[in-house]
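Residue-level structural notes
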Amino acid sequence: MADNKFAAYICSGCGIGDKLNVGALEKIATKEGKMAVVKSHPFLCSTEGVDLIKNDIANDGVTHVCIAACSRRAKAEAFTFPETAVSRANLREGVLWVVAEGADHDEVRQEMAEDYVRMGCAEVKKMMSPAGNPDKAQSKRIMVVGGGMSGMTAALAAADAGYEVVLVEKTGKLGGFANNMLKRVPFNAPHAEAQPTGVEELAAKVTGNAKIKLHLNSTLTETAGAPGRFVAKIAQESGAVAEETVGAIVQATGFTTYPLDKLPELGGGQANVVDQAGLEAMAKAANGGAIKRADGKEVKSVVFVQCAGQRGSGGNGDGSHLEYCSGHCCATSIKQATYFKDANPDVDTVVMYQDLRVPGMGEDFYRSAQKKGVIFTKAKVNKVAGGDACKVEFKDLILDEDTATDADLVVLATGQVPVSGVNLDEWTTTVTAAESGDEAAKEKKSALQKISVLNLNYRQGPDMPQFKYGFADSHFICFPYETRRTGIYAAGPTRRPMDMFQAQEDATGAAMKAIQAVENATRGRAAHPRAWDLSFPKARLEGCTQCKRCTVECPFGAIDEDEKRFPVFNEQRCRRCGTCMGACPVRVISFENYSCDTVGSQIKAVNIPDEFEEKPRILILACENDAYPALDMAGLQRLTYSAYVRAIPVRCLGSVNTIWITDALNSGYDGVMMMGCKKGDDYQCHFVKGSEMAYYRMSKIGDTLKQLGLEPERVQTQEVAITDNAKVAKLIDDYVAQLNEMGPSPMKGFG
Amino acid sequence: MSNANQQAVAKYKNNFLKEVEANVEEGHWVKMCMQCGVCAGSCPLGPHWEHSPQKIFMMIRAGKREEVLGSDSMWMCTSCYNCIVRCPRKLPITHIMHGLANYSHRLGLAPKGQPTREIAKLFWDNLVKTGRVNELKFSLAMYFKDGFGQGVKNAMAMQGIGLGLMKAGRLNPMEIFGGHVCKDKSGVQKMIAKAREIEDRRKSLA
Ligand code: SF4
Ligand code: SF4
Ligand code: SF4
């Protein structure tokens, strides 16, 4: 790389020059860091300081820059130079602000700063400024799957923003579930009366919108490609197959109602016991008049049973049926009770609830129904018998008594079951069995294909990965619109149970994400949370052993396989987490600006004192999304922690390759601590599965440690949230104390 | 069963809530209770009640007419207004309690010998006679409400306070002979009779 010229710039501002020997740091950068240009400046982020660097880039041929100043999270704009690789040595937040005050600590403080300069120089030498993806995706069209309220809303939102939309609906009519509803729960002030659904107007708007291309009576038989270049095969009623190229997809496939016949104890399947959908149909038929039963009798008394077959308790109380709360059904029952009261105030309407969940303005609607005389009884319904006079047996939870009442009609508030296609775990087992020749599995595979919504040809399976209870997985806690299929966004009840208002909001959000996705994809950039990133994984396939770990472990299904079973990276699907890089046992996957080498060389650059110096060295691999900011924040608050640690930010714990751990231990580090986001069902990992993968991999590292003769405590994994600034400082100090007790690593001096 | 009670039963069948809404002061608020239990937790008398306001409201909604109207609970209310201040649904709970007590009294369903009720009755009877409260007669009536022997005992026990009041000029022994009256005694009586007639008509208690 003859044309590369490396330069280091050390800032002595913000007090760095007062506490640290900047001259010594310059020497390190020159001698050990082998930087061709080394300069210091009293105020590097000032125009003058930045111009100094710019000038060297423009006139002195500098291509690689190490900035030793503040954290990489500070002054990011000032220190970004086009087509120049930049590394950052964190002297301010990482050293100055966190090492205890006083002359006693001068030595360790300086050592820490020197190591960070060594690391910054080592890193930038292995970096390249990402050139971007030459194979830029082209399509900015957005496909919406599902023509219900959510789908129509998403389609209109995208069209209004100027994007072409392809809307695929499996039935012959737009509107979905809303078509069968008389009215909807109020969504405007004063939130007192049920409002028209507006479904027909919305459908007319969609039909009349020149930017929206409609495919009714159509399903997806195959979806291939990646953001910016999806190709969807759309099977039409006629049997013909249309092909559409789109840039992003919104999946708004809604829900089905929980089957009534699964609730025999609550009268499911018996005469005059209906679910909310059934009542909606009766009300629609009555159209404001008296609501009549199937046998033509006018309903004079009605009981609503809340949470029927939901929340693990509405039915048998034994955890059968749906575990979750569908969220909308309390307000829906309130609405339906007012159907009766509005038509005839003398109809007895009783809502039996365990706790009425009407968040937000729903409280006003609840009050309005009470005013109309709807009776709310806190009760657990034990048994419903259908028939001419339905008998409802219940326990009154306020009066603490078992009692019963009769009603002309009983309405069960059953839950939403998501329409989210194939469960990928089931898919994977079935495909594996089918590939080994199992005939039953082959049949099951084609059955599964039939229930698939998207029919993705991804190696990880035909639909979006599912979350608990079968909803499409989205990043619940932090980024609810993000799913695990880049460029495909779930909206509405396929993502989580919700009402129409929330579904429409969700749909608008999903449409906006889809727009972002096509814009990023056509610019060759990543999607959230590294949207600016032009790098993408590259694999040296000649070294690949076809172990398939990368294809399996990529949380976003970005990697397929070619006929020769080599991994095929779909750049536009990649979110740049580096989980594949962490997975690869032969380390052939890398990014231009982040690789096994950029981190590995930093680990090796640290000066490890021998065991007699009693200065342990601890490597911290900190997730750049939460843990690293928490460390910076600890500095900002002037919380101190041990000067023996050396922290390296990683894109995600999922990108941590075990080679880094073994390298660190081999070269005499006393311990390695990984800090990442929360894993599990309530994960906060920005890349969903990354931190979970890290835990899994580290659980397997025990054997390696044993071979090295090391205690398992020398490698630790911790969950850290962005707000945990006090916690990180304590974690570090506790760990250093623990390692001190264990004594120095026996590997010292061998590295 | 009193006549009024029979009529009410016949009129509202088993819709007790409707009956309360029509005939009990502030009764139309009962349906607005959301059963949060804040009143029950706030009432200083709570532990001594058989049914908290929250429960009473639920019982009304469950149609438990006899149990509510025959209950001693609403008579226990001391009008501290804790519940009114705290009720998130702004129910005038204190007033409803009094309304219920009054209604059960008028129907003849209130528990016999309930002290609050007895005192209220004595106070009312004393007041409407002259348009003024005759403190001496009111006190004596209270002492002797459980018979002559008990009355003497009560009077002896309160002797010190009585003498003190007399000395301070707050209790006039001469009041025993008729006592002070308001200017237009018969006017006041007529006014009260008219008010009662109107109320009875409204609550179908006539
Ligand atoms: S993880 Fe590495 S060796 Fe395994 S398939 Fe992927 S690129 Fe090849
Ligand atoms: S006003 Fe009556 S019911 Fe309300 S808290 Fe006070 S005593 Fe209890
Ligand atoms: S505080 Fe108000 S709303 Fe709550 S239980 Fe008492 S009366 Fe009902």
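**A few points about the sheet that holds strand 13 (residues 273–275) of chain A**
All names here are of chain A. Spatial strand order, 13-19-14-15-16-17-18: seven strands in an open sheet with mixed pairing. With one partner strand each, in any of the chains shown, strand 13 and strand 18 (401–407) form the two edges of the open sheet. Along the sheet, successive strands turn relative to each other by an average axial angle of 40°, direction set aside. Where strand 16 (residues 375–385) meets strand 17 (residues 390–396), six bridges bridge the pair, whose relative direction is antiparallel. By the bridge assignment, A379 is partnered in strand 17 with D396. Its contacts with the sheet put helix 8 (residues 276–286) on strand 13 and strand 19 (409–412), and the angle it makes with strand 13 is roughly 95°.

**Digging into a nonpolar patch on the surface**
All names here are of chain B. Taken together, the side chains of F144, F148, V152 and M156 present a nonpolar region at the surface, about 400 Å² in accessible area. Within the fold, F144 resides in the loop between helix 9 (135–143) and helix 10 (148–157). Residue F144 is classed as partly exposed on the basis of its relative accessible area, which comes to 30%.

**Points about the domain arrangement of chain A**
Segmentation of chain A into domains returns domain 1 (1–129), domain 2 (142–254 + 464–522) and domain 3 (258–417). Distance between the C-alpha centres of domain 1 of chain A and domain 3 of chain A: 68 Å.

**Some details on the pairing of strand 4 (residues 85–90) of chain A**
Residue and element names in this part refer to chain A. The element strand 4 is largely enclosed, with a buried count of five among its six residues. In this sheet, strand 4 lies alongside strand 3 (residues 64–69) in parallel orientation, the contact comprising six bridges. For A68, the partnering residue across the bridge sits in strand 4 and is A89.

**Brief notes about the site of ligand 1**
Residue and element names in this part refer to chain A. Inspection of the region around ligand 1 gives C544, T545, Q546, C547, K548, C550, P567, C584, V586, V588 and I589 as its neighbouring residues. Here ligand 1 occupies the largest cavity. Of the residues belonging to the shell around ligand 1, the class tally is eight nonpolar, two polar and one charged.

**Re the interface of chain A and chain B**
In this assembly, 16 residues from chain A lie in contact with 15 residues from chain B. Summed over both partners, the interface of chain A with chain B comes to about 1,300 Å²; 56% of that surface belongs to carbon and sulfur atoms. It is Q370(A), I398(A) and L399(A) that lose the most area in chain A upon contact with chain B, and together they represent 41% of the buried surface on that side. Between E401(A) and K64(B) there is a salt bridge; the shortest N-O distance is 2.7 Å. Put simply, chain A and chain B have eight residue pairs in polar contact (both at pLDDT 80 or more) between them. Of all the secondary structure elements, the ones that give two or more residues to the side of chain A that touches chain B are helix 10 (362–371) and strand 16 of chain A. Of all the elements, helix 10 of chain A adds the most residues to the side of chain A that touches chain B, at five residues. Looking at the side of chain A that touches chain B, its residues break down into six nonpolar, three polar and seven charged.

**Focus: the site of ligand 2**
Taken together, C43(B), P44(B), W49(B), C77(B), T78(B), S79(B), C80(B), Y81(B), N82(B), C83(B) and T94(B) make up the full set of residues adjacent to ligand 2. Here the shell around ligand 2 is composed, by residue class, of seven nonpolar, four polar and no charged.

**Some words on the nonpolar core**
Grouped together as the largest cluster of nonpolar side chains are 101 residues, with contacts concentrated most on L91(A), L621(A), V656(A), W660(A) and I661(A). A total of nine residues in this core trace back to one element, the largest contributor, which is helix 5 (residues 106–126) of chain A. Dropping the residues within four chain positions of it, I661(A) is found in contact with L621(A), V656(A), V672(A), M674(A), M698(A), I701(A) and V715(A). Formed by 59 residues, the second largest nonpolar core is a distinct cluster that contains L260(A), M352(A), V30(B) and I93(B).

Calculation rules
Residues numbered from 1 in each chain as written. Chains lettered and ligands numbered in written order. Predicted model: local features only at pLDDT ≥ 70, side-chain atom pairs only at ≥ 80, totals over all residues. Heavy atoms only, no water. Pairing = 2+ DSSP bridges. Helix = DSSP H or I, 4+ residues; strand = E, 2+ residues; numbered from the N terminus. Axes fitted to C-alpha atoms, helices over the stretch in contact; angles between N-to-C directions. Contact = heavy atoms within 4.5 Å. Patch = residues over 30% accessible without salt bridge, like charges linked within 9 Å, V, L, I, M, F, W, Y side chains within 5 Å. Areas by Shrake-Rupley, 256 points an atom, 1.4 Å probe, with all protein chains shown as cover. Salt bridge = Lys/Arg side-chain N within 4 Å of Asp/Glu carboxyl O. Buried < 20%, exposed > 50% of the residue type's maximum accessible area, 1.4 Å probe, protein only. Domains from an automatic or database assignment. Near = heavy atom within 4 Å. 1 Å grid on protein atoms, 1.4 Å probe; cavity = no way out; pocket = protein on both sides within 12 Å on 5 of 7 lines; lining within 4 Å. Sits in = over half its atoms within 2 Å of the grid points. Nonpolar A, V, L, I, M, F, W, Y, C, P; charged D, E, K, R; others polar. Buried area = accessible area lost by both parts, 1.4 Å probe. Polar contact = N/O pair within 3.5 Å; in protein donor to acceptor, adjacent residues only side chain to side chain. Core = buried A, V, L, I, M, F, W, Y, C linked by side-chain atoms within 4.5 Å.

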